[in-house]
Amino acid sequence: MEYSNAVLEATPERATKLLMGIGAVAAVRTLMAGAGMTDDDILEGRALLLDVLAAPRKTAGAPADTDDARAQRAATGELDQWDEPNYARHGAALRRRFPDVHEYVFKDLSPSTGTAAVQGVATFLARIDALENGTDPDRAATKQGDKKAVAFLATRGLDKAERKRLKGLVDVALGPTSPLPETIDLPEAARRREALVKLRGWFDEWATTARAVVKKRSYLIRLGLASRKAPQRKPATTPATPTATPPRPAEPVEETGGADLQ
C-alpha cells in the first residue's frame, strides 16, 4: 500500500500503544492469541519499531538556506538597527539649523522594523540625494540651502561613503534571492521510510485483528484503537415555580348598631 508521510510518522506512537496494551492486559493477550498472534509476532513488531526509532529522521545535504538569503536578512537587520538612533540625531541637528529641510526629509518618516525599516531608509536616502542634486522641482528656490544642509550632515557622519554603504544594504535587503536547491532524497531517508512502511504493515494487520476480537471499549482505548467519549452534560433543571396561594376572603364583621358595649 501507498502511505502518506503523515500516516507513516504517526505509526511508531500507535504501534507502541498497541504493543504495550497487549502486554499489559492478560485478557487482551488471550484474545489476540486466540486470533493467531504468537510471541514471534510480538517480537517482530518490537523489532520493527526499534528499527524505525534507530533510523535517522532528517535528511542531510540540501541546505535550508542560501547565501544571498542570509545576506538579505543581515542587511535588513542592520538597517533596522540603524534607523532609530540616526533618525534621532540627524533629525535633531536639522530641526535646529535647517527646519525646512527637516520637515522635507522626515515628512511621514519614523523608525520602523523589518522591511518597513528598509523602505524608510531608502526614502531617507532618496530625499537626501534630491536635496544634494536639486532634482525636486518643489524646492527649486531653496537649492543653495539644501546643499548646505547635506554638507552639514556629512560633517555628522552622513557623508557620501556612508550613504553609499547604506544604499548597498538597501539593495541587498530589497534584492531577489536565489531559490533553494531541490531536496534530494538520501539513502538514510529512504531507509527510514522503508522501515516505517514495514512497521505500518505489521500495525495494520494486528490493529485490524484486535478490532475484530476485542469488544470491550476500555481494552480498545488501552490499545490506542478507540478514544474516550466526552462526558455528556446533564440538562440544567429549572426550579419549579411555586404555586401562588389565593388570598383568603376577609371574615365578615358583625354590625354593633352603634350601641355602647360595656
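The model shown is predicted, which means the values in this text are computed figures rather than measured ones.

### Some words on helix α4 (residues 67-97)
Phase 1 of the analysis: The terminal C-alpha atoms of α4, which comprises 31 residues, lie 43 Å apart, in line with the 45 Å expected from a rise of 1.5 Å per residue.
Phase 2 of the analysis: Roughly 35° is the biggest bend found in α4, and it falls at D83, with proline P85 one to four residues downstream.
Phase 3 of the analysis: For α4, the set of buried residues is A69, A75, T76, L79, W82, D83, N86, Y87, H90, G91, A93 and L94.
Phase 4 of the analysis: Where the residues of α4 are buried, they touch α5 (99-105), α6 (115-133), α7 (143-155) and α8 (160-174).

### A look at unusual backbone geometry
Phase 1 of the analysis: In this structure, D108 is a non-glycine residue whose phi angle is positive, near 55°.
Phase 2 of the analysis: Topologically, D108 is positioned in the loop between α5 and α6.
Phase 3 of the analysis: Classification of D108 as exposed rests on a relative accessible area of 74%.

### Side note on empty space enclosed by the protein
Rolling a probe over the atoms, with the probe sized like a water molecule, indicates the empty space that remains.
Phase 1 of the analysis: Tallied over the entire structure, the rule returns one cavity of 30 Å³ or more.
Phase 2 of the analysis: Considering only enclosed or pocket space, the largest cavity measures out at about 30 Å³ in volume.
Phase 3 of the analysis: What lines the largest cavity is A130, L131, G134, D136, R139, K143 and D146.

### What to know about the confidence of the model for the chain
Phase 1 of the analysis: Here the chain averages 85 in pLDDT, and 79% of its residues register 70 or above.
Phase 2 of the analysis: Across residues 252-262 the pLDDT falls below 50, and counting only partners more than four positions away or on other chains, this stretch makes zero contacts in the model.

### Quick look at the packing of aromatic side chains
Phase 1 of the analysis: Per the counting criterion, the structure on display carries six aromatic pairs.
Phase 2 of the analysis: Ring plane angle 90° and centroid distance 6.2 Å describe the contact between W82 and Y87, whose orientation is recorded as edge-to-face. Y87 shares its class with W82; the two are buried.
Phase 3 of the analysis: For the pair Y87 and F106, a centre-to-centre distance of 5.8 Å together with 80° between the ring planes defines the contact as edge-to-face. Residue Y87 is found in helix α4, and its partner F106 is found in the loop between α5 and α6; the two are separated by 19 residues along the sequence. Note on accessibility: Y87 and F106 belong to one class, buried.
Phase 4 of the analysis: Put simply, the rings of W82, Y87, F106 and F124 pair up and form one aromatic cluster.
Phase 5 of the analysis: A cation over an aromatic ring shows up here: R139 above the ring of Y104, its NZ or CZ 4.9 Å from the ring centre.

### What about the environment of R95?
Phase 1 of the analysis: Topologically, R95 is positioned in helix α4.
Phase 2 of the analysis: C-alpha separation for the pair R95 and F106, spaced 11 residues apart in sequence, amounts to 10.0 Å.
Phase 3 of the analysis: Within the structure, R95 has its side chain in polar contact with the side chain of H102 (distance 3.4 Å).

Reading the values: rules and limits
Residues numbered from 1 in each chain as written. Predicted model: local features only at pLDDT ≥ 70, side-chain atom pairs only at ≥ 80, totals over all residues. Heavy atoms only, no water. Helix = DSSP H or I, 4+ residues; strand = E, 2+ residues; numbered from the N terminus. Expected span 1.5 Å × (residues − 1). Bend = angle between axes of the 7 residues up to and from the residue. Buried < 20%, exposed > 50% of the residue type's maximum accessible area, 1.4 Å probe, protein only. Contact = heavy atoms within 4.5 Å. 1 Å grid on protein atoms, 1.4 Å probe; cavity = no way out; pocket = protein on both sides within 12 Å on 5 of 7 lines; lining within 4 Å. Points joined across faces, edges and corners; volume = space filled by probe spheres on them. pLDDT = per-residue confidence, 0-100. Phe/Tyr/Trp six-rings, centres within 6.5 Å; stacked < 30°, edge-to-face > 60°. Lys NZ or Arg CZ within 6 Å of the ring centre and 35° of its normal. Polar contact = N/O pair within 3.5 Å; in protein donor to acceptor, adjacent residues only side chain to side chain.

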